[in-house]
Amino acid sequence: MITDIVIGLQHGDEGKGKVTHHLLKSGEYTHCVRFNGGCNAGHTIIHNGKKFVTHHIPAGVFFGVTSVIGNGCVVDPVKLQEEIDYLESHGIPVRQNLRIASNAHVITEQHKAEDGVDEKIGTTRTGNGPAYRDKYARTGLRACDVPSLVPFVVNIYEELKGDNVILMEGAQGFWLDPDWGDYPYVTSSHTGTAAAIQNGISPRSIRNVWGIIKAYETYVGKRNFQPEDKIFDRIQEAGQEFGATTGRVRQCNWLNVDEIHQAIHMNGVNRLVVNKMDVLRKVGAWGTTEGPFYGERHFRIFLQEEFGPRVGIDKIYFSDNPATINEENPLTAAA
Ligand code: IMP
Ligand code: MG
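Here's what I pulled together on the structure shown here. (Residues numbered from 1 in each chain as written. Chains lettered and ligands numbered in written order. Predicted model: local features only at pLDDT ≥ 70, side-chain atom pairs only at ≥ 80, totals over all residues. Heavy atoms only, no water.)

Describing the coordination of the magnesium ion (ligand 2)
Turning to step 1, where the next piece is worked out: Coordination of the magnesium ion (ligand 2) by the protein is provided by D13 (OD) and G42 (O), with metal-donor distances spanning 2.1 to 2.4 Å. Residue D13 is located in the loop between β1 (2-8) and α1 (16-24), and its partner G42 is located in the loop between β2 (31-34) and β3 (43-47); the two are separated by 29 residues in the primary sequence.
Turning to step 2, where the next piece is worked out: Given the relative accessible area of 25%, D13 is considered partly exposed.
Turning to step 3, where the next piece is worked out: For G42, a relative accessible area of 16% corresponds to the buried category. (Donors = N, O, S within 2.8 Å, 3.2 Å for Na, K, Ca; no water. Helix = DSSP H or I, 4+ residues; strand = E, 2+ residues; numbered from the N terminus. Buried < 20%, exposed > 50% of the residue type's maximum accessible area, 1.4 Å probe, protein only.)

Written out as structure tokens, the structure reads:
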């Protein structure tokens, strides 16, 4: 077993879907596994020039790779069916490649009704919190108990063990983790490397941990996040920062350097992708919580020094388009 893991180091919406899709192009993976969350996730993927938004289904289906919804996830059978139909109507075969861990938990209509009136956290109202609550209260329903899910159900240990090369597709971000985020403004599943290996993965099989960030921060929810400054409205607009699941406006801020450091350290990140460089380029302003920068080159050099070999990162990639990540950017190639 060889395992690569893709996780968000901010508050979700870092571009994990895009990076997962990009990595799958290598053709080496036997499995792609979603390991946490449910249809609260919204992964925007450009496949053959066409835009897709996925919620439950791992990006492996775009390449005919066996795609597993892991035991760390919660599944809404209604939403899942809609998503299968949506992808298949656009020519992406899903059914034959989809597997669901028998011990994944289920989001029920009752969970959605309860979450649907949330005013406190600003959840995605997709029933995630109540489903995880029932899992840990030991009153939940599992995938193996739901007839419509049974055709897809597998023992995830049996499915993944052996000579496989596995790509773990995370959802949400490290700073939405229930332990590490700004509680109670967090999601209900763990979001880091530890959550990935809980899905039948041997910790010793980990090869690369891809940490994904955007060049700035965004957050959706009830917490006060965006400082008073017109610049953040401009970033929100230039970056088209609206939730892929809910359509809500995402609050924006400068990149939080301390939080990225902690997330890299705690998750063993060795590959860093910095997405949406084009947005700050368009706005013409570069900064982090440490202060402003003179321009893109100054910003890149700062990130390469800050998040380089000293903190265990062997490669950093900057991306300025929604479809793919660019080749590795050596310091000398900085614009
Ligand atoms: P829940 O996960 O729907 O319970 O929402 C809890 C918090 O996590 C809210 O602030 C949501 O906006 C946020 N959240 C959940 N999933 C995502 C995601 O995929 N991207 C960004 N924020 C998310
Ligand atoms: Mg998203």
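Regarding the packing of aromatic side chains
Turning to step 1, where the next piece is worked out: Counting across every chain of the model gives 10 aromatic pairs.
Turning to step 2, where the next piece is worked out: On the numbers, 6.1 Å between centres and 65° between planes, the contact of F52 with Y86 is edge-to-face. Taken together, the residues F52 in strand β4 (residues 50-54) and Y86 in helix α2 (residues 77-89) connect sequence positions 34 residues apart.
Turning to step 3, where the next piece is worked out: Given the relative accessible area of 27%, Y86 is considered partly exposed. (Phe/Tyr/Trp six-rings, centres within 6.5 Å; stacked < 30°, edge-to-face > 60°.)

Focus: the environment of G192
Turning to step 1, where the next piece is worked out: Considering the arrangement of structural elements, one finds G192 in the loop between β10 (165-169) and α6 (193-197).
Turning to step 2, where the next piece is worked out: Classification of G192 as buried rests on a relative accessible area of 5%.
Turning to step 3, where the next piece is worked out: C-alpha of G192 to C-alpha of V74: the two residues are 118 residues apart in sequence and 16 Å apart in space.
Turning to step 4, where the next piece is worked out: Residues contacting G192, with those up to four places away along its chain left out, are I7, F35, F174, D177 and N267. (Contact = heavy atoms within 4.5 Å.)

Examining the site of ligand 1
Turning to step 1, where the next piece is worked out: Around ligand 1 there are 17 residues in total, and D13, N40, T124, T187 and V220 lie nearest to it.
Turning to step 2, where the next piece is worked out: Between ligand 1 and T124 there is a distance of 2.6 Å, counted from an oxygen atom to a side-chain nitrogen or oxygen.
Turning to step 3, where the next piece is worked out: R248 places a side-chain nitrogen or oxygen 3.0 Å from an oxygen atom of ligand 1.
Turning to step 4, where the next piece is worked out: Calculation on ligand 1 without its partners gives an accessible area of 460 Å², and the protein chains cover 97% of this total.
Turning to step 5, where the next piece is worked out: Residues of the shell around ligand 1, tallied by class, amount to 5 nonpolar, 10 polar and 2 charged. (Near = heavy atom within 4 Å. Polar contact = N/O pair within 3.5 Å; in protein donor to acceptor, adjacent residues only side chain to side chain. Areas by Shrake-Rupley, 256 points an atom, 1.4 Å probe, with all protein chains shown as cover. Nonpolar A, V, L, I, M, F, W, Y, C, P; charged D, E, K, R; others polar.)

Some remarks on the nonpolar core
Turning to step 1, where the next piece is worked out: Formed by 84 residues in total, the largest nonpolar core has its most connected members in L9, L80, I100, W210, I235, V274 and L303.
Turning to step 2, where the next piece is worked out: Non-local contacts of L9, meaning those with residues more than four positions away in its chain, are made with E14, F174, W175, G211, I212, I213, I260, A263, I264, V269 and L272. (Core = buried A, V, L, I, M, F, W, Y, C linked by side-chain atoms within 4.5 Å.)

Quick notes on the sheet that holds β10
Turning to step 1, where the next piece is worked out: Read across the sheet, 9 strands follow the order β9-β7-β5-β2-β10-β1-β11-β14-β17 without closing on themselves; strand pairing throughout is parallel. Here the strands that pair on one side only, and so sit at the sheet edges, are β9 (153-154) and β17 (315-318).
Turning to step 2, where the next piece is worked out: Relative to β10, β2 runs parallel, the two being bridged by 4 bridges. Bridging from a neighbouring strand, R34 pairs with E169 of β10. (Pairing = 2+ DSSP bridges.)

As for unusual backbone geometry
Turning to step 1, where the next piece is worked out: Residues Y183 and P184 are joined by a peptide bond in cis, for which omega reads 5°.
Turning to step 2, where the next piece is worked out: Structurally, the position occupied by P184 is in the loop between β10 and α6.
Turning to step 3, where the next piece is worked out: Even without a glycine there, the phi angle at D13 is positive, about 65°.
Turning to step 4, where the next piece is worked out: Phi angles above zero are rare outside glycine, and N48 is one such case at about 50°.
Turning to step 5, where the next piece is worked out: By secondary structure assignment, the location of N48 is in the loop between β3 and β4.

Here we look at helix α8 (residues 257-267)
Turning to step 1, where the next piece is worked out: Residues of α8 that are buried: V257, E259, I260, A263, I264 and N267. Each buried residue of α8 lies within a common arc of 160° when the element is viewed along its axis, so the set occupies one face. Exposed residues pointing more than 90 degrees away from the buried face of α8 are listed as D258 and H265.
Turning to step 2, where the next piece is worked out: Residues of α8 that are buried make contact with β1, α6, β11 (206-214), β12 (216-219), β15 (286-288) and α10 (296-306).
Turning to step 3, where the next piece is worked out: Phi turns positive one or two residues past the end of α8, at G268, with a value near 60°. (Arc of directions from axis to C-beta.)

Some remarks on the pattern of salt bridges
Turning to step 1, where the next piece is worked out: As enumerated under the stated definition, the model contains 23 salt bridges in all.
Turning to step 2, where the next piece is worked out: Measuring nitrogen to oxygen at the nearest pair gives 3.8 Å for the salt bridge that ties K79 to E82. Within this pair, K79 and its partner E82 are both found in helix α2, separated by 3 residues, close to a single helical turn.
Turning to step 3, where the next piece is worked out: A relative accessible area of 37% means that K79 is categorised as partly exposed.
Turning to step 4, where the next piece is worked out: Of the residues examined, E82 reaches a relative accessible area of 44% and is grouped as partly exposed.
Turning to step 5, where the next piece is worked out: The closest approach of N and O atoms between E296 and R281, which form a salt bridge, is 2.7 Å. In this pair, E296 is assigned in helix α10 and R281 in helix α9 (residues 277-283), connecting sequence segments 15 residues apart.
Turning to step 6, where the next piece is worked out: For R281, a relative accessible area of 38% gives the class partly exposed.
Turning to step 7, where the next piece is worked out: A single salt-bridge network, built from bridges that share partners, covers D13, K214, E241, R250 and K276. (Salt bridge = Lys/Arg side-chain N within 4 Å of Asp/Glu carboxyl O.)

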